[in-house]
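Descriptive structure summary
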Amino acid sequence: MSKFLLLLGPSGVGKTAIIEELCKLDSRFIYISPYMTRTPRQGERNKISISDEQMNEMSERGELLVINELYGIRYATPRLLIGEALAQGKFPVL
């Protein structure tokens, strides 16, 4: 059975800390870096900054599982990386 873990919460609540601890505890957990249409904040890591045009192209090719918009910034989940993780018996963390 394929499973993934979705962590939700407002900025600064500690999602990254939880993800890092999960990955330390069990190598089967793998963080799936989201794409975003803004530049990274200072100290922010594990997110991939792309342009609106790149996100549109990826969406048209079916490469994104979902796109969310918040305050005019779009965030997207890459379909391929989730599929690869599941195929390897890993648990994607989103």
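For the structure, check the block above.
All of the points below concern the structure found in this document. (Residues numbered from 1 in each chain as written. Predicted model: local features only at pLDDT ≥ 70, side-chain atom pairs only at ≥ 80, totals over all residues. Heavy atoms only, no water.)

**What to know about the overall build of the protein**
Within the protein one finds 3 helices and 6 strands. The order of α-helices and β-strands along the protein, N terminus first, is α-β-β-β-α-β-β-α-β. Expected size for 94 residues packed as a compact globule is a radius of gyration near 12 Å; at 14 Å, the protein falls within 12% of this value. On the principal axes, the C-alpha backbone points of the protein span a range of 35 × 30 × 20 Å. Contacts in the protein between residues at least 24 apart in sequence constitute 41% of all its contacts with a sequence separation of at least 6. Just so you have it, the protein exposes about 6500 Å², and 54% of that area is on carbon and sulfur atoms. (Helix = DSSP H or I, 4+ residues; strand = E, 2+ residues; numbered from the N terminus. Rg over C-alpha atoms; globule rule 2.2 N^0.38 Å. Contact = heavy atoms within 4.5 Å. Areas by Shrake-Rupley, 256 points an atom, 1.4 Å probe, with all protein chains shown as cover.)

**Quick look at the pairing of strand E4 (residues 64-70)**
Bridge count between E4 and strand E5 (residues 73-78): 6 bridges; the pairing is antiparallel. Note that in E5 the partner of asparagine 68 across the bridge is tyrosine 75. In sequence, E4 turns back onto E5 through a hairpin of 2 residues, with tyrosine 71 there showing a positive phi of about 55°. (Pairing = 2+ DSSP bridges.)

**A look at the packing of aromatic side chains**
By the definition in use, this model includes 1 aromatic pair. Relative to phenylalanine 91, the ring of phenylalanine 29 lies with its centre 5.8 Å away and its plane at 45°, an arrangement referred to as tilted. With phenylalanine 29 in strand E1 (residues 29-31) and phenylalanine 91 in strand E6 (residues 91-93), this pair connects stretches of sequence that are 62 residues apart. (Phe/Tyr/Trp six-rings, centres within 6.5 Å; stacked < 30°, edge-to-face > 60°.)

**A word on the sheet that holds strand E2 (residues 35-36)**
A sheet is described by the order of its strands in space; here 4 strands give the open sequence E3-E2-E5-E4, paired in mixed fashion. The open sheet terminates on both sides in strands that have one partner only, identified here as strand E3 (48-49) and E4. Relative to E3, E2 is paired through 2 bridges, and the arrangement is parallel. Its bridge partner lying in E3, tyrosine 35 is registered against isoleucine 48. Where helix H3 (residues 79-87) meets the sheet, it contacts E4 and E5, and its direction lies at approximately 30° from that of E5. (Axes fitted to C-alpha atoms, helices over the stretch in contact; angles between N-to-C directions.)

**Focus on a nonpolar patch on the surface**
A cluster of nonpolar side chains, Phe4, Leu6 and Leu8, forms an exposed patch at the surface whose accessible area comes to about 350 Å². For leucine 6, the location among the structural elements is in the segment before helix H1 (15-25). (Patch = residues over 30% accessible without salt bridge, like charges linked within 9 Å, V, L, I, M, F, W, Y side chains within 5 Å. Salt bridge = Lys/Arg side-chain N within 4 Å of Asp/Glu carboxyl O.)

**Describing the side chain of serine 33**
Following the sequence through the fold, serine 33 ends up in the loop between E1 and E2. A distance of 3.2 Å separates a polar side-chain atom of serine 33 from the backbone oxygen of asparagine 46. Discounting residues that sit within four places of it in the chain, serine 33 has contacts with Asn46, Ile48 and Pro78. (Polar contact = N/O pair within 3.5 Å; in protein donor to acceptor, adjacent residues only side chain to side chain.)

**A word on the environment of proline 34**
Mapped onto the fold, proline 34 is located in the loop between E1 and E2. Note: C-alpha distance between proline 34 and tyrosine 75 (41 residues apart in sequence) is 6.5 Å. Excluding its chain neighbours within four sequence positions, the residues that come into contact with proline 34 are Asn46, Lys47, Ile48, Ala76 and Pro78.

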